[in-house]
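A structural walkthrough
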Amino acid sequence: MRGRLGPWLAIFLAALASTARAHEDSDEAAPWKERCPGASAWLQANQAQQLPAMKRRDQARSLSHPELLKELEARVELDQNARRRLLASGFAERDAQALASVDAKNLRWLMKVINTSGFPTASQVGEYGLQLTWLLVQHADQHPEFQRQALGEFQRHHAVGEFGATELARLTDRVLKKRGGAQAFGTQFDWGSGVNEQLQQIENLAEVERNRQALGLMPLADYGCMMYELRKPKSG
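This text gives an overview of the structure that appears in the document. (Residues numbered from 1 in each chain as written. Predicted model: local features only at pLDDT ≥ 70, side-chain atom pairs only at ≥ 80, totals over all residues. Heavy atoms only, no water.)

Describing the overall build of the protein
For the record, the criterion: Put simply, DSSP marks the helices as runs of H or I at least four residues long and the strands as runs of E at least two long, and each gets a number from the N terminus on. Type-normalised accessible area, obtained with a 1.4 Å probe on protein chains alone, sets the label of each residue: buried when under 20%, exposed when over 50%, and partly exposed for intermediate values. We call two residues in contact when some of their heavy atoms are within 4.5 Å.
Each helix and strand in the protein was counted, giving 13 helices and zero strands. Walking the protein from its N terminus toward its C terminus, one meets helices and strands in the order α-α-α-α-α-α-α-α-α-α-α-α-α. For the protein, buried positions account for 49% of its 236 residues. Look at the contacts in the protein between residues 6 or more apart in sequence, and 68% of them connect residues 24 or more apart.

Here it is, written out as structure tokens:
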């Protein structure tokens, strides 16, 4: 079980926890910032894309569906707790099954919401709520077609400035991989295994870098450096 789930869970950690930690880290002397100056400089120059700025923009909104936002927060908490338990247990089978159950329940709930009321909007749940929605979609691996359809919705939200480029890139790559295609943005890797090792797997590296630049993303080498430093195995 561990061999099959390990890389996938590393991708999960990249999807939320590591970047949240980087975005919210106010310590200018943080070790990873010294080792990855390009990533640190990029984050400093692009604060509008980060979680604190997103929440500030949401404070200026009068959300029409705050109860939906609360439910999204509760669903994501279940999602995160299930993954933490699986990691803490060393990928025990019972925890893997519990995680699969959480993902399935969240997927059924989200599909029901969308079928009943439409895809959540920033006016309903804010940019933060859209990010929470994205996380549930990102983990809806039992239903690749649903992920593909949701990607179109997120693309529309991104086009009007309501959804982040980083999350859009991750879902795009996830959908492409499910369909047997090459990643467009180079987001779906186990960076904790090393940066050079991951970059060597990208045959179309120059094209990926152009795609990232066009979407306004951090250069891939800087991104890989940051993700490795945040997620590398702890010594001792």
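Observations concerning the packing of helix 6 (residues 66-88) against helix 8 (residues 122-138)
Note the following rule: Helix axes are fitted only over the stretch in contact, all axes being lines through C-alpha atoms; the angle between N-to-C directions runs from 0 to 180 degrees. Note that the term roughly parallel is reserved for angles under 35 degrees, roughly antiparallel for angles over 145, roughly perpendicular for angles of 65 to 115, and oblique for everything else. A crossing counts as left-handed when the near helix is turned anticlockwise from the far one by less than a right angle, and as right-handed when that turn is clockwise. Each residue receives one of three labels: charged for Asp, Glu, Lys and Arg, nonpolar for Ala, Val, Leu, Ile, Met, Phe, Trp, Tyr, Cys and Pro, and polar for the others, Gly being one of them.
Orientation of helix 6 relative to helix 8, taken along the N-to-C sense of each, is 30 degrees, at an axis distance of 9 Å. The angle between the axes of helix 6 and helix 8 places the two elements in the roughly parallel class. The way helix 6 lies across helix 8 gives a crossing that is left-handed. Within the contact between the two elements, helix 6 uses Pro66, Leu68, Leu69, Leu72, Glu73, Arg75, Val76, Asp79 and Gln80 and helix 8 uses Gln124, Val125, Tyr128, Gly129, Leu132, Thr133, Leu135 and Leu136. Considering only residue class, the contact of helix 6 with helix 8 consists of 10 nonpolar, four polar and three charged.

Examining the packing of aromatic side chains
Inclusion rule: Each pair of aromatic rings taken from Phe, Tyr and Trp, with Trp reduced to its six-membered ring, is defined by centres within 6.5 Å and is described as stacked if the planes are under 30 degrees apart, edge-to-face if over 60, and tilted in the remaining cases.
In total, this model carries four aromatic pairs according to the counting rule given. With 5.1 Å between their ring centres and 90 degrees between their planes, Phe119 and Phe154 make a pair best called edge-to-face. Placement of Phe119 in the loop between helix 7 (93-117) and helix 8 and of Phe154 in helix 9 (residues 144-159) is noted, with a sequence separation of 35 residues between them. Residues Phe119 and Phe154 agree in their burial class; the two are buried. Aromatic pair Trp191 and Tyr223: ring centres 6.0 Å apart, planes at 85 degrees, arrangement edge-to-face. Note that Trp191 is positioned in the loop between helix 10 (165-178) and helix 11 (195-199) and Tyr223 in helix 13 (residues 220-231), a separation of 32 residues in sequence. For the pair formed by Trp191 and Tyr223, the shared burial category is buried. An aromatic cluster of three or more residues is present, and its members are Phe119, Phe154 and Phe163.

Some points on the packing of helix 5 (residues 51-59) against helix 8
The N-to-C vectors of helix 5 and helix 8 enclose an angle of 135 degrees; their axes lie 7 Å apart at closest approach. Taken together, the axes of helix 5 and helix 8 are oblique relative to one another. Side by side, helix 5 and helix 8 meet where Leu51, Met54, Lys55, Arg57 and Asp58 of the first sit next to Gly126, Glu127, Tyr128 and Gln131 of the second. Residue classes in the contact of helix 5 with helix 8 are distributed as three nonpolar, two polar and four charged.

Things to note about helix 13
Basically, it comes down to this: In this scheme, a helix's expected span is set at 1.5 Å multiplied by one less than its residue total.
Taking 1.5 Å per residue, 12 residues should reach 16 Å; helix 13 reaches 16 Å between its end C-alpha atoms and fits that length. With nine of 12 residues buried, helix 13 lies mostly within the body of the structure.

Here we look at the pattern of salt bridges
Quick reminder of the rule: The salt bridge criterion pairs a side-chain nitrogen of Lys or Arg with a carboxyl oxygen of Asp or Glu, the two atoms within 4 Å.
By the definition in use, this model includes 11 salt bridges. Between Glu127 and Arg57 there is a salt bridge, with its nearest N and O atoms 2.8 Å apart. In this pair, Glu127 sits in helix 8 while Arg57 sits in helix 5, placing the two residues 70 residues apart along the sequence. Across the pair Arg156 and Glu153 runs a salt bridge whose closest N-O atoms are separated by 3.2 Å. In this pair, Arg156 and Glu153 are both assigned in helix 9, three residues apart and thus about one turn of the helix distant. The partly exposed category is assigned to Glu153, whose relative accessible area is 26%. Residues joined by salt bridges that share partners form a network here, namely Arg57, Asp58, Arg61 and Glu127.

Some remarks on the state of the cysteines
What counts, and what does not: Put simply, a disulfide is two cysteine sulfurs that come within 2.5 Å.
Taken as a whole, this structure holds one disulfide when the rule is applied. With its sulfur 2.0 Å from that of its partner, Cys36 forms a disulfide with Cys225. The sign of the -85 degrees torsion about the S-S bond sets the Cys36-Cys225 disulfide as left-handed. Taken as a pair, Cys36 in the loop between helix 3 (31-35) and helix 4 (37-45) and Cys225 in helix 13 lie far apart in primary sequence, 189 residues in all.

Regarding the environment of Glu167
Considering the arrangement of structural elements, one finds Glu167 in helix 10. For Glu167, a relative accessible area of 6% puts it in the buried group. Along the backbone, Glu167 and Phe154 are 13 residues apart, and their C-alpha atoms lie at a distance of 9.0 Å.

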